[in-house]
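# Results of the structural survey
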Amino acid sequence: MGRISTFGQHLYEGRISFDFVGRRKLWYAISAIIVVAAAAGLLARGFNYGVEFKGGVEFTATVQKADSKTADAMRTAVEEAAVPQAGDPTVTTSGGGGAELIRIQTKPLTQDQTTKIKESLVDAGATEVSQNLIGPTYGKQVANKALTGLIVFLVLVVIFIWAYFREWRMSVAGIVALAHDLVITVGVYAWTGFEVTPATVTGLLTILGFSLYDTVVVFDKVRENTKGILKSTTRTYAQQANLALNQTLVRSINTSITALLPVAALLIVGVAVLGTGPLKDLALALFVGMLAGTYSSIFIATPLAAQLKDREPAIKAHTAKVLGRREKEADAPVAVAAAPAPKRPTTTSAASKRSQPSRKPRSQRGKGGS
């Protein structure tokens, strides 16, 4: 059996255990620092909204080959059109299907400014250029739909966890973990300056689903371990919840690594190869969100659920009962084993070559002696 398998087996059986629940204050403090740093990014820098949210102009240029070299040429053409109102253009490539296209997004422009940029793109090698005006009203509609989708998702999460586990404390812990992941992800977007696009919203909803899945798996093991716990005095609720975390730890890590590797590849390709575009926006949201989701399912959701559960009178009384029983066992005197009876002296028999008990002469034996 491999080392990881052996390690996982020891975690499952409780021979090796990490005190996740008992050290929850440390995890809360770490999370608080990360969340505050993420929130500071939102206040200090804010979001870099894409053209879909703030409005603007999208040029679609048909080229001979949509590669990074041509994309750089198109970006340079926009900068050389002498239209400073265009801002820093966003350029994405799209190939296949019989068409090689490059999309250039700029800030809102007048018709004369749009014409200048189109002419500059043609001079840079584009065979055909079309334009699409995106007004701020459309951006507000996209933002409102994204917010509505997020609220609906969170409401469904609360209903699902409550209906599945019949435990509102787990619902609260699950929502706190999701909010934790959401704030961290959007904070990273603010600090890095990545554009917030519809792909970003898709990524956020995806990572919330991933985080919820990981949390539900751990909660399911907690429910299994704590079933009928009031009838047992072996472990407290918090200790059984901590055991559940250890039992699912290897699985959570393996699942996260397996999911993060392809997402990391997408992020590298989106940043290093394509430069900009929906692929990069989606990959960043997935990468950061999955990392935060793995952390929150282990260090936030279950410790918080156990903390809330420990405040329940029945669980509080059970914890006191378990701890009291352990104190009595620790204070109980240890039984001393009786000393072994003294061995009788032996002699070696010549006939059998085996040791035989020796006998004293009759004159030396006391009354009742052997």
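Calculation notes
- Residues numbered from 1 in each chain as written.
- Predicted model: local features only at pLDDT ≥ 70, side-chain atom pairs only at ≥ 80, totals over all residues.
- Heavy atoms only, no water.
- Phe/Tyr/Trp six-rings, centres within 6.5 Å; stacked < 30°, edge-to-face > 60°.
- Buried < 20%, exposed > 50% of the residue type's maximum accessible area, 1.4 Å probe, protein only.
- Lys NZ or Arg CZ within 6 Å of the ring centre and 35° of its normal.
- Patch = residues over 30% accessible without salt bridge, like charges linked within 9 Å, V, L, I, M, F, W, Y side chains within 5 Å.
- Areas by Shrake-Rupley, 256 points an atom, 1.4 Å probe, with all protein chains shown as cover.
- Salt bridge = Lys/Arg side-chain N within 4 Å of Asp/Glu carboxyl O.
- Helix = DSSP H or I, 4+ residues; strand = E, 2+ residues; numbered from the N terminus.
- Pairing = 2+ DSSP bridges.
- Expected span 1.5 Å × (residues − 1).
- Contact = heavy atoms within 4.5 Å.
- Core = buried A, V, L, I, M, F, W, Y, C linked by side-chain atoms within 4.5 Å.
- Axes fitted to C-alpha atoms, helices over the stretch in contact; angles between N-to-C directions.
- Parallel < 35°, antiparallel > 145°, perpendicular 65-115°, else oblique.
- Left-handed = near helix turned anticlockwise from the far one by under 90°.
- Nonpolar A, V, L, I, M, F, W, Y, C, P; charged D, E, K, R; others polar.

In this section: the packing of aromatic side chains. Under the criterion given, the structure shown has five aromatic pairs. Geometrically, the ring pair formed by Phe 18 and Phe 20 is tilted, given 6.0 Å between the ring centres and 50° between the ring planes. Under the relative-accessibility criterion, Phe 18 is labelled partly exposed at 37%. Residue class for Phe 20 comes out buried when judged on its relative accessible area of 6%. An aromatic cluster is built from Phe 18, Phe 20, Trp 27, Tyr 295 and Phe 299, whose rings are joined through pairwise contacts. Above the plane of the ring of Trp 162 lies Arg 166, whose end atom (NZ or CZ) is 5.2 Å from the centre. Residue placement shows Arg 223 over the ring face of Tyr 164; its charged tip is 4.7 Å from the ring centre.

Attention now moves to a nonpolar patch on the surface. A surface patch of nonpolar side chains, amounting to about 550 Å² of accessible area, comprises Leu 147, Ile 151, Val 152, Val 155, Leu 156 and Ile 159. Tracing the backbone through its elements, the reader meets Leu 147 in helix H6 (residues 136-165). Leu 147 gets classed as partly exposed once you look at its relative accessible area, which sits at 49%.

Burial runs high along strand S4 (residues 101-106): five of the six residues are buried. Here strand S2 (residues 56-62) runs beside S4; their pairing, made up of six bridges, is antiparallel. Looking at the pairing, Thr 62 lines up with Leu 101 of S4.

Attention shifts here to helix H5 (residues 111-123). Taking 1.5 Å of rise per residue, 13 residues should cover 18 Å, and H5 covers 19 Å from first to last C-alpha, within 8% of that figure. As for H5, its buried residues are in contact with S2, helix H4 (68-79), S4 and strand S5 (128-134). One or two positions beyond H5, positive phi appears at Gly 125, with a value near 125°.

Along the chain, Ser 171 falls in helix H7 (residues 168-192). Judged by its relative accessible area of 5%, Ser 171 is buried. Those residues within four positions of Ser 171 in sequence are excluded, and the remaining contacts are Val 158, Ile 161 and Trp 162.

Once that is clear, we can look at the nonpolar core. Membership of the largest hydrophobic core comes to 45 residues, with the highest contact counts inside it found for Phe 20, Met 170, Leu 208, Phe 219, Val 222, Tyr 237 and Met 290. Those elements giving two or more residues to this core turn out to be H6, H7, helix H8 (198-225), helix H9 (237-274) and helix H10 (278-310). With 11 residues, H10 is the single largest residue contributor to this core. Filtering out sequence-adjacent residues up to four positions away, Val 222 remains in contact with Met 170, Tyr 237, Ala 241, Ala 244 and Thr 302. Within the second largest apolar cluster, 20 residues are counted, among which are Val 57, Ile 102, Ile 104 and Leu 109.

Attention now goes to the packing of H4 against H5. In helix packing, the relevant descriptors are the interaxial angle and the interaxial distance, both defined with respect to the helix axes. Packing of H4 against H5 leaves a shortest axis separation of 8 Å and a crossing angle of 140°. In terms of orientation, H4 lies oblique with respect to H5. Judged by the twist between their axes, the crossing of H4 over H5 is right-handed. Residues Met 74, Ala 77 and Val 78 of H4 lie in contact with H5, whose contacting residues are Ile 117, Ser 120 and Leu 121. Each residue belonging to the contact of H4 with H5 can be placed in one class, and the counts come to five nonpolar, one polar and no charged.

If you trace the backbone, Thr 236 turns up in the loop between H8 and H9. Residue classification places Thr 236 among the buried residues on the basis of a relative accessible area of 6%. Ignoring sequence-local partners within four residues, the contact set of Thr 236 consists of Ile 229, His 318, Thr 319 and Val 322.

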